[in-house]
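Residues per chain are reported as follows:
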Amino acid sequence: MDCFSYKDGILFCEQVSLENIANEVGTPFYCYSSSHLKERFAAYKRGFGTKKHLVCFAVKSNSNLAVLNCLGSLGAGADIVSGGELYRVLKANIPAKRVVYSGVGKTRQEMEYALSEGIAMFNVESEQEMILLSEVAKKMGKKAPISFRVNPDVDAKTHPYISTGLKKNKFGLSMERAISAYEKAMKDPWLEITGIDCHIGSQIVEMAPFLDALRRLKKLVSRLTDMGICLSYIDLGGGLGISYSKETPPQPEEYISAIVNEAAELDQTIIVEPGRSICGNAGVLVTKVLYTKENGQKRFYIVDAGMNDLGRPSLYDAYHEIRTVRQTDKDKLAEADVVGPICETGDFLARSRPLPQLEQGSLIAVMSSGAYGFTMSSNYNSRPRVPEIMVYGDRFQVVRERETWQDLVKGESIPEEGC
Ligand SMILES: *Cc1c(COP(=O)(O)O)cnc(C)c1O
């Protein structure tokens, strides 16, 4: 994460001091580095070289319009999982032609929207979904381009909540079921078989599961070819991990090179759907210490951001490095918990962490928060969601304003006749 580094003892994002941003917009806030986003996306492109490809950024990892627009302007497509995400993607000027639509629970209304906009492909996850999509396509008089998401049954060796490619997971169709689904789709005049798709999980830090999945997919592709089904796209999903602390995942370029190598004989366009590996280390959550206290042996730093702002520590027991915005003496560390203001014991950002002595008003940065940070945030405890800031070299812009208390009650009403 060299887009975040100390200059004269202050933590900077690119050429902008996080302290200056805090002074202007208040705390807490998310801050993203546009140069990190661009560099990570470029690394994906370099890995592909001349191989036909489409990098579809996983919008659920970070759906801010400025982030989407930044990646889209470099040629990124989008992997969406809802109509709302499609709306954002189009607003951010990513063409529908570069959009693939994943997810187990697409509604009729969402299908209609995506089909009318002309997305590249629906990644269909069940036979019932296929039947509904065909119905929608018929009604609209427009063929729906589809792939089936297959579940290759490989162990991604990641957290159980973010593993998606095992038989016991809800995602996709088993290899056998996929064959029969393709047979049915072939006979359907309103479905256009376009590709095949899988996504085996998230925060995967080794190559083996990806290559394993690709090999299984290749077998299926050749069986489909024998059945007379020719595909345009092979979609390998996302899932490449990042370094939160000591993990050493392959870099995007290595990861893609290994895939391109394994896919050498395939002439289809290869799609990948990276999220975290593009934006995870592009962002931090900056928060301020409100109070410090000690309960017996334990030291607590109570900060102004909570689990509603960054849910990963409470949800997955995820580790996020904590850095002080003002550089401190590394020799004087003491164990402490960094906790939020929410009325839940699970409301922590870091637990039992060696940290320097913090004071009321100290600023800290919760590192590696660019993916599944803001997008998973909520208004729990009626807390307005925090602003998102994008840094462009030596300037920054508020790309999503802090919510207000008025925003919190938007759309609510009290019946005239009272209670
Ligand atoms: C979540 C998801 C992704 C992105 O995963 P990352 O681990 O962030 O790369 C890609 N494709 C699908 C279908 C997903 O559900």
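Residues numbered from 1 in each chain as written. Predicted model: local features only at pLDDT ≥ 70, side-chain atom pairs only at ≥ 80, totals over all residues. Heavy atoms only, no water.

(A) Structural detail: the site of the ligand. Not every one of the 14 residues close to the ligand is listed here, only the nearest: Lys-60, Ser-202, Gly-239, Glu-273 and Tyr-372. Here an oxygen atom of the ligand sits 2.8 Å away from a polar atom, N or O, in the main chain of Arg-276. The protein chains hide 94% of the 390 Å² of surface that the ligand would expose on its own. Classifying every residue of the shell around the ligand gives three nonpolar, six polar and five charged. (Near = heavy atom within 4 Å. Polar contact = N/O pair within 3.5 Å; in protein donor to acceptor, adjacent residues only side chain to side chain. Areas by Shrake-Rupley, 256 points an atom, 1.4 Å probe, with all protein chains shown as cover. Nonpolar A, V, L, I, M, F, W, Y, C, P; charged D, E, K, R; others polar.)

(B) Layout of the sheet that holds strand E9 (residues 144–149). Taking strand neighbours around the barrel as the criterion, the eight strands line up as E5-E6-E7-E8-E9-E10-E11-E12 in a closed arrangement whose pairing is parallel. Here the average twist between neighbouring strands, direction ignored, is 30°. Two strands pair when backbone bridges link them, and strand E5 (residues 53–58) and strand E12 (residues 269–272) are joined in this way by three bridges, in the parallel orientation. Paired with His-53 across the strands is Ile-270, a residue of E12. Against the sheet, helix H4 (residues 83–91) makes contact with strand E6 (77–80) and strand E7 (99–101), and its axis sits at roughly 165° relative to E6, the strand it touches most. Sheet strands in contact with helix H7 (residues 175–186) are E9 and strand E10 (191–197), and its direction is about 155° off that of E10. (Pairing = 2+ DSSP bridges. Helix = DSSP H or I, 4+ residues; strand = E, 2+ residues; numbered from the N terminus. Axes fitted to C-alpha atoms, helices over the stretch in contact; angles between N-to-C directions. Contact = heavy atoms within 4.5 Å.)

(C) Spotlight on the pairing of strand E14 (residues 298–303). Counting buried positions along E14 gives five out of six residues, so the element sits mostly inside the fold. The pairing of strand E13 (residues 283–295) with E14 spans six bridges and is antiparallel. Note on E14: the bridge partner recorded for Lys-293 is Phe-300. Two successive antiparallel strands, E13 and E14, enclose a turn made up of two residues, where Gly-296 displays a positive phi of approximately 60°. Pairing analysis gives three bridges linking E14 to strand E16 (residues 333–339), with the strands arranged parallel. Bridge pairing in E16 places Phe-300 opposite Asp-337. (Buried < 20%, exposed > 50% of the residue type's maximum accessible area, 1.4 Å probe, protein only.)

(D) Local environment of the nonpolar core. Core analysis: the largest hydrophobic core is formed by 97 residues, its most contacted members being Leu-37, Phe-122, Phe-148, Ile-196 and Tyr-255. Per-element accounting of this core gives the leading share, eight residues, to helix H8 (residues 208–226). Each of two domains, domain 1 (4–32 + 280–408) and domain 2 (34–276), supplies a minimum of three residues to this core. Aside from chain neighbours lying at most four places away, what touches Tyr-255 is Tyr-44, Met-207, Phe-210, Gly-237, Leu-240, Pro-250 and Val-272. By size, the runner-up hydrophobic cluster in this structure holds 20 residues, among which are Leu-11, Cys-13, Met-367 and Val-391. (Core = buried A, V, L, I, M, F, W, Y, C linked by side-chain atoms within 4.5 Å. Domains from an automatic or database assignment.)

(E) How the structure looks around helix H3 (residues 65–73). Here H3 has its buried residues at Ala-66, Val-67, Leu-68, Cys-70, Leu-71 and Gly-72. Measuring from the side-chain oxygen of the N-cap residue of H3 to the backbone nitrogen of Ala-66 gives 2.7 Å; that N-cap residue is Asn-64. Looking one or two residues past H3, Gly-75 carries a phi angle of roughly 110°, positive in sign.

(F) The pattern of salt bridges, seen in detail. Throughout the structure, instances matching the rule amount to 21 salt bridges. Linking Glu-39 and Arg-46 is a salt bridge whose minimum nitrogen-to-oxygen distance equals 3.1 Å. Among the residues examined, Glu-39 registers a relative accessible area of 41% and is labelled partly exposed. In this structure, Asp-212 and Arg-216 form a salt bridge, with 3.6 Å as the shortest nitrogen-oxygen distance. Within this pair, Asp-212 and its partner Arg-216 are both found in helix H8, separated by four residues, close to a single helical turn. A relative accessible area of 28% places Asp-212 in the partly exposed class. (Salt bridge = Lys/Arg side-chain N within 4 Å of Asp/Glu carboxyl O.)

(G) Focus on the side chain of Asn-308. In this structure, Asn-308 sits in the loop between E14 and helix H11 (312–316). Note on Asn-308: relative accessible area 2%, which makes it buried. Within the structure, Asn-308 has its side chain in polar contact with the side chain of Asp-309 (distance 3.4 Å). Not counting residues within four places of it along the chain, the set of residues in contact with Asn-308 comprises Ile-342, Met-376, Ser-377, Ser-378, Tyr-380 and Arg-383.

(H) View of the packing of aromatic side chains. All told, the structure shown has six aromatic pairs when counted by the stated rule. Taken together, a centroid distance of 6.3 Å and an interplanar angle of 25° make the contact between Tyr-30 and Tyr-32 stacked. Using a relative accessible area of 0% as the deciding quantity, one classes Tyr-30 as buried. Judged by centre distance (4.8 Å) and plane angle (80°), the rings of Phe-148 and Tyr-182 are edge-to-face. Of the two residues, Phe-148 is situated in strand E9 and Tyr-182 in helix H7; the sequence distance between them amounts to 34 residues. In terms of burial, Phe-148 and Tyr-182 fall into one category: buried. Taken together through their ring pairs, the aromatic side chains of Tyr-30, Tyr-32 and Phe-374 make up a single cluster. Here Lys-106 stacks its cationic end above the ring of Tyr-101, 5.4 Å away from the centre of that ring. Lying over the aromatic face of Phe-348, Arg-351 brings its terminal NZ or CZ to 3.9 Å of the ring centre. (Phe/Tyr/Trp six-rings, centres within 6.5 Å; stacked < 30°, edge-to-face > 60°. Lys NZ or Arg CZ within 6 Å of the ring centre and 35° of its normal.)

(I) Representation of the domain arrangement of the chain within the structure. Annotation of the chain at the domain level lists domain 1 (4–32 + 280–408) and domain 2 (34–276). The distance between the C-alpha centroids of domain 1 and domain 2 comes to 32 Å. Contact with domain 1, which involves 22 residues of that partner, is made by 21 residues of domain 2. Seen at the junction of domain 1 and domain 2, the total is zero salt bridges. Applying the counting rule to domain 1 against domain 2 returns 12 residue pairs in polar contact (both at pLDDT 80 or more). For the side of domain 1 that touches domain 2, the leading source of residues is strand E19 (residues 388–392), giving four residues.

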